[in-house]
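Fold and contact review
Chain by chain, the residues run as shown.
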Amino acid sequence: MSALTDTQNERDERRLPIDRVGVRSLRFPLSIRDRDSAVQHTVATVSLAVDLPHHFKGTHMSRFVEVLHAHGKELTVSNIVAMPRELMKKLHADKAHVEMKFPYFRAKKAPVSGAEGLLDYGVIFEVNTDKATTDFVLTVEVPVTTLCPCSKAISARGAHNQRGTVTLAVRFSDPVWIEDLLELVESSASSELYSLLKRPDEKHVTEAAYDNPVFVEDLVRNIAVKAKAHPRITWFRVEAENYESIHNHNAWAMIESGPAPSAKA
């Protein structure tokens, strides 16, 4: 039987290298150990990519999926960190990129009644590797409540508030728990969110937010101060977006720390 034609290995004459080529929007089981030493099972949306030299027509897409499935039926953090180098070897690449996005759940008790419910957060693991270094960025997406200081100052009967989303990305010298980052963000807002509130809880949360008004600018500054003081965080970028309740636009702010440190091998 004659060998099948390998079109991807044919030469391309346009002399244009590709920064990233690969697969995305794959869903795959993921196991994450939480701060309480329990294991949470979730599902990640996966992106895998490598660079492509100018002289190759294409990459071998099936090899990305092979690398992903080579770790069995469920991924772990250690699998994810190792995966870019496996992609580089399998695809003869100089750089590789792996991204895992997944929902992460926490059981939270309401502040007065103690009623417990699950709240979901967004988490992203991003690993970029070249021949010398590996760079890992952990991102959390945290829903919060903010109450407008201006509205409170000028209104005789209350103040407008709204839900918002904080996106905090960090690099670190030693591992940081996801829960630590979630709590850092939630403690910087007017109030944290809960999935289950009884009437006494609703009263408490409403009044707590009223007593702690923050602009979107206050929110990112509050988080930046705490991130800078954290002994393990070496770089961060924080964004906050408020879904304004009395405007037809969103309010947004961002702070990024100084240049990212050299990635660790």
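As a starting point, this report considers the structure included with it. (Residues numbered from 1 in each chain as written. Predicted model: local features only at pLDDT ≥ 70, side-chain atom pairs only at ≥ 80, totals over all residues. Heavy atoms only, no water.)

Turning our eyes to something else, we now look at the overall build of the protein. A tally of regular secondary structure across the protein gives six helices and nine strands. Based on the C-alpha atoms only, the size of the protein along its principal axes is roughly 80 × 40 × 35 Å. Across the 265 residues of the protein, 43% fall into the buried class. A separation of at least 24 residues holds for 65% of the contacts in the protein among residues at least 6 apart in sequence. (Helix = DSSP H or I, 4+ residues; strand = E, 2+ residues; numbered from the N terminus. Buried < 20%, exposed > 50% of the residue type's maximum accessible area, 1.4 Å probe, protein only. Contact = heavy atoms within 4.5 Å.)

On to the environment of glutamate 116, then. Here glutamate 116 shows up in strand 4 (residues 116-130). With 99 residues separating them along the chain, glutamate 116 and proline 17 place their C-alpha atoms 53 Å apart. Dropping the residues within four chain positions of it, glutamate 116 is found in contact with Ala107, Lys108, Lys109 and Leu196.

Looking now at the side chain of serine 191. In this fold, serine 191 is placed in strand 7 (residues 191-192). Its relative accessible area of 8% is what places serine 191 among the buried residues. Sequence-distant contacts of serine 191, that is, excluding residues within four places in its chain, are made with Val144, Thr145, Val205 and Ala209.

Overall, the coordinates contain eleven salt bridges when judged by the stated rule. When the shortest N-O distance is used, the salt bridge between arginine 35 and aspartate 180 registers 2.7 Å. You can see arginine 35 sitting in the loop between strand 1 (18-33) and strand 2 (39-52) and its partner aspartate 180 sitting in helix 4 (residues 178-186), a full 145 residues away along the chain. Exposure remark for aspartate 180: the relative accessible area of 27% places this residue in the partly exposed category. Connected via shared salt-bridge partners are Arg35, Arg106, Asp180 and Glu183. (Salt bridge = Lys/Arg side-chain N within 4 Å of Asp/Glu carboxyl O.)

Looking now at the nonpolar core. With 59 residues, the main nonpolar core has Leu48, Leu87, Met100, Phe125, Leu138, Leu168 and Ile178 as its most contacted residues. Ranked by residues supplied to this core, first place goes to helix 6 (residues 216-229) with six residues. With residues up to four places along the chain from it excluded, the contact list for methionine 100 reads Ala44, Thr45, Val46, Leu68, Leu75, Ile80, Met83, Val123, Ile124 and Phe125. (Core = buried A, V, L, I, M, F, W, Y, C linked by side-chain atoms within 4.5 Å.)

This next bit is on the packing of aromatic side chains. By the definition in use, this model includes three aromatic pairs. Relative to phenylalanine 136, the ring of phenylalanine 125 has its centre 5.5 Å away and its plane inclined at 50 degrees; by these criteria the two rings are tilted. Of this pair, phenylalanine 125 sits in strand 4 while phenylalanine 136 sits in strand 5 (residues 134-147), placing them eleven residues apart in sequence. Judged by its relative accessible area of 5%, phenylalanine 125 is buried. According to the relative accessible area criterion, phenylalanine 136 is buried, its value standing at 18%. Taken together, the ring pairs in this structure connect Phe102, Phe125, Phe136 and Phe172 into an aromatic cluster. For the cation-ring pair, lysine 152 lies above tyrosine 210, with the distance from its terminal atom to the ring centre recorded as 4.4 Å. (Phe/Tyr/Trp six-rings, centres within 6.5 Å; stacked < 30°, edge-to-face > 60°. Lys NZ or Arg CZ within 6 Å of the ring centre and 35° of its normal.)

Moving on, we come to helix 2 (residues 77-91). The end-to-end C-alpha separation of helix 2 is 22 Å, in line with the 21 Å expected for 15 residues at 1.5 Å each. At methionine 83, helix 2 shows its maximal kink, close to 35 degrees; a proline, proline 84, follows between one and four residues later. Turning to helix 2, its buried residues are Asn79, Ile80, Met83, Pro84, Leu87, Met88 and Leu91. Of the surrounding secondary structure, the elements contacted by the buried residues of helix 2 are strand 1, strand 2, helix 1 (61-69), strand 3 (95-109) and strand 4. A positive backbone phi angle near 55 degrees is found at histidine 92, which sits one or two residues after helix 2. (Expected span 1.5 Å × (residues − 1). Bend = angle between axes of the 7 residues up to and from the residue.)

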